[in-house]
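Here's the letter readout for the chains.
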Amino acid sequence: MKPAIEIHGLGKSYGSKMALKDISFTVREGSCFGLLGPNGAGKSTTMKILAGLLEFDAGGVKVLGEDIRRSGDRIKAKLGYVPQSITLYEKLNSLDNLTYFGEMYGVRGGELKKRIREVLEQVGLADRAKDPIASFSGGMKRRINIAAALLHKPKLIIMDEPTVGIDPQSRNHIFEMIRSLKREGVTVLYSTHYMEEVEALCDRLAIIDHGSVIAQGELNEVLDRFGSQAVYLELAEGERPPALPGFDEPAAQGRGWLLETAAPLDALACWASACKERSLNVKRLEVVRPSLETVFLALTGTTLRDS
Ligand code: ADP
């Protein structure tokens, strides 16, 4: 399948601050690609460059087969960009906001009316078309912001952390919408610092840290290559997990403990017999899949949440 985005050796500085050092990745047409990284990693800068809103200093960028430096305007007409900040007129209703954005994208008349109805359906806010934006929750505003970027039927949609600070209902709507865009063959580039979102939505991902891609590939590939396996043990309240000679200390996680190990079955068997010997009440004992959290920890030495 053709690539929708090709980035090679992308570099960008803001004055003396080097925001992007070496970003390279390719996004296949019709797929959802996740950019995962902590705050300040360079996700927004990369997305703004792709959307044609920022110049860059080094490397090459092709969007939908065209060099962004040569065909910026033509590309802009085929992509939708959803910025992190909400850019809506609070006093106007959704209909008027979407009319304004649609006209900016060159959609007019009957076609615009039809598209507004369709995108409002898509983001689940068709019944609120005439209410002022000021009366909307943060999540609803974000959904209208996404709707605005879909009016001209873009082939590629770039979403910069669309779920930050929103309610679960809006988050679910956004997820469903992304899945339906994918079914229609639209390419989605999605940035987040929540790895569960990448796990739920993305076919491939790149992990960005300090302006460089530190891992990329299909989710399972990245997990297999960089993630460690673990065993999870949950006991009755007040009980402590037995220490296992030859294994690392388990770390508290949720209601239980997580033990990272290259030999999860051995650890599970040892924990099972140690718990039995001590007559502990085992609620859960299982091998767990590596997570992006363990990948991030292995690659950077910090957790995604604390960094
Ligand atoms: P992310 O989206 O991953 O949080 P950004 O792309 O926003 O990261 O930022 C990357 C780096 O560039 C950070 O160190 C940030 O402080 C810096 N940066 C971003 N925008 C500007 C700007 N307009 N001027 C100066 N530095 C900036």
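Bear in mind that the values here come from a model prediction, so they are computed numbers and not experimental data.

Quick look at the pattern of salt bridges
Phase 1 of the analysis: Throughout the structure, instances matching the rule amount to 14 salt bridges.
Phase 2 of the analysis: Of the charged contacts in the structure, one is a salt bridge between Asp131 and Arg128, with a shortest N-O distance of 2.5 Å.
Phase 3 of the analysis: Arg171 serves as the salt-bridge partner of Glu197, at 3.1 Å between the closest nitrogen and oxygen. Taken as a pair, Glu197 in helix H7 (residues 195-201) and Arg171 in helix H6 (residues 168-183) lie far apart in primary sequence, 26 residues in all.

Remarks on the site of the ligand
Phase 1 of the analysis: Near the ligand, the surroundings consist of Tyr14, Lys17, Ala19, Pro38, Asn39, Gly40, Ala41, Gly42, Lys43, Ser44 and Thr45.
Phase 2 of the analysis: Within the contact set of the ligand, an oxygen atom lies 2.7 Å away from a backbone nitrogen or oxygen of Gly40.
Phase 3 of the analysis: Between the ligand and Ser44, the relevant distance is 2.8 Å, taken from an oxygen atom to a main-chain nitrogen or oxygen of the residue.
Phase 4 of the analysis: Calculation on the ligand without its partners gives an accessible area of 560 Å², and the protein chains cover 62% of this total.
Phase 5 of the analysis: Contributing elements (two or more residues each) for the shell around the ligand: strand S2 (17-28) and helix H1 (43-50).
Phase 6 of the analysis: It is H1 that provides the largest number of residues to the shell around the ligand, a total of three residues.
Phase 7 of the analysis: Considered class by class, the residues forming the shell around the ligand number four nonpolar, five polar and two charged.

A look at the nonpolar core
Phase 1 of the analysis: By size, the foremost hydrophobic cluster in this structure holds 49 residues, and its most contacted members are Leu98, Ile157, Met159, Ile178, Ile207 and Leu292.
Phase 2 of the analysis: No other element matches the seven residues that helix H5 (residues 138-150) contributes to this core.
Phase 3 of the analysis: Shared between two domains, this core holds at least three residues of each, these being domain 1 (1-78 + 154-227 + 291-307) and domain 2 (93-152).
Phase 4 of the analysis: Apart from the residues lying within four places of it in its own chain, the contact partners of Ile157 are Gly80, Val82, Ala149, Leu150, Leu181, Val186, Thr187, Val188 and Leu189.
Phase 5 of the analysis: In this structure, Ala4, Ile7, Ile23 and Ala41 belong to the second largest nonpolar core, which totals 28 residues.

Remarks on the pairing of strand S10 (residues 212-218)
Phase 1 of the analysis: Of the pairings in the sheet, the one linking strand S9 (residues 204-209) to S10 comprises six bridges and is antiparallel in character. Looking at S10, one finds that Ala206 is bridged to Gln216.
Phase 2 of the analysis: Connecting S9 to the antiparallel partner S10 that follows it, the hairpin turn spans two residues, and His210 within it adopts a positive phi of roughly 45°.

Reading the values: rules and limits
- What you see as residue numbers is a count from 1 along each chain, following the sequence as written.
- Local features in a predicted model are, by the rule used here, given only for residues with pLDDT of at least 70; side-chain atom pairs are given and counted only at 80 or more, and totals for whole chains, interfaces and linings are based on all residues.
- Note that water and hydrogens are dropped before the side-chain values are worked out from all heavy atoms of the structure.
- Salt bridges are defined as contacts in which a side-chain nitrogen from Lys or Arg sits within 4 Å of a carboxyl oxygen from Asp or Glu.
- What counts as a helix is a DSSP run of H or I of at least four residues, what counts as a strand is a run of E of at least two, and both are numbered from the N terminus.
- If a single non-hydrogen atom of a residue is within 4 Å of a molecule or strand, that residue counts as near it.
- Here a polar contact is recorded for every N or O atom pair within 3.5 Å, except that within protein the pair must consist of a potential hydrogen donor and a potential acceptor, and residues adjacent in sequence are included only if both atoms are side-chain atoms.
- For accessible areas, the Shrake-Rupley method is used with a probe of radius 1.4 Å. Any residue's cover is judged against the shown protein chains and nothing else.
- We call Asp, Glu, Lys and Arg charged. Ala, Val, Leu, Ile, Met, Phe, Trp, Tyr, Cys and Pro are nonpolar, and the rest, Gly among them, are polar.
- Buried Ala, Val, Leu, Ile, Met, Phe, Trp, Tyr and Cys residues that are joined via side-chain atoms within 4.5 Å together make up what is termed a nonpolar core.
- Relative accessibility under 20% of the residue-type maximum defines a buried residue, over 50% an exposed one, and the middle range a partly exposed one, all with a 1.4 Å probe and only protein chains included.
- What marks off one domain from the next here is an automatic or database domain assignment.
- Contacts were defined at the residue level, with two residues in contact if any of their heavy atoms lie within 4.5 Å.
- By this definition, two strands are paired if DSSP reports at least two bridges between them.

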